[in-house]
Amino acid sequence: MRSFLCPILDQARDWKNLRATLVKRGYGLAFREGHMVIVEADTDRVICTGQHIGTPLRSLVQRLGRPSVVVHRNGLSGELID
C-alpha cells in the first residue's frame, strides 16, 4: 500500500489534485478524529492514515497549505472540500 499511495501523496500539487488523483484510483481522502485517512471510495472503509504510510498530515500541510475541511455533524469526521 505504501509503495502505491506515497507517490500520489508526494507528487500532489495541491489538495484538489491529491483528491482527484486518489479518486481516479478508487480511493478517497477523509478526516476522522483528527487524522487524515485514505478510504476506499466505494465503501468509505478506512485503508490507512497518512502517518501510517509515512506521509503525515503535518508534512502535507507544510507543502500544500491547510486543507479546507467541512466537518460532519458528529464533530468527529469531515471531508476535504474544493
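What comes next is a walk through the structure. If you're wondering where the values come from, they're calculated on a predicted model, not measured in any experiment.

Here we look at the sheet that holds strand β1 (residues 27-32)
Across the sheet, which stays open at both edges, the five strands sit in the order β3-β2-β1-β5-β4 with antiparallel pairing between neighbours. If you trace the sheet from one side to the other, it starts and ends with β3 (46-49) and β4 (69-71), each paired once. Pairs of neighbouring strands in the sheet enclose a mean axial angle of 35°, with direction left out of account. Of the strand pairs in this sheet, β1 and strand β5 (residues 77-80) are connected by three bridges, and their pairing is antiparallel. Residue pairing for β5: Arg32 is matched across the bridge by Ser77. Along the sheet face, helix α2 (residues 15-24) touches β1, β2 (35-40) and β5 and points at about 125° away from the line of β1.

Reading the values: rules and limits
- Residues numbered from 1 in each chain as written.
- Predicted model: local features only at pLDDT ≥ 70, side-chain atom pairs only at ≥ 80, totals over all residues.
- Heavy atoms only, no water.
- Pairing = 2+ DSSP bridges.
- Helix = DSSP H or I, 4+ residues; strand = E, 2+ residues; numbered from the N terminus.
- Axes fitted to C-alpha atoms, helices over the stretch in contact; angles between N-to-C directions.
- Contact = heavy atoms within 4.5 Å.

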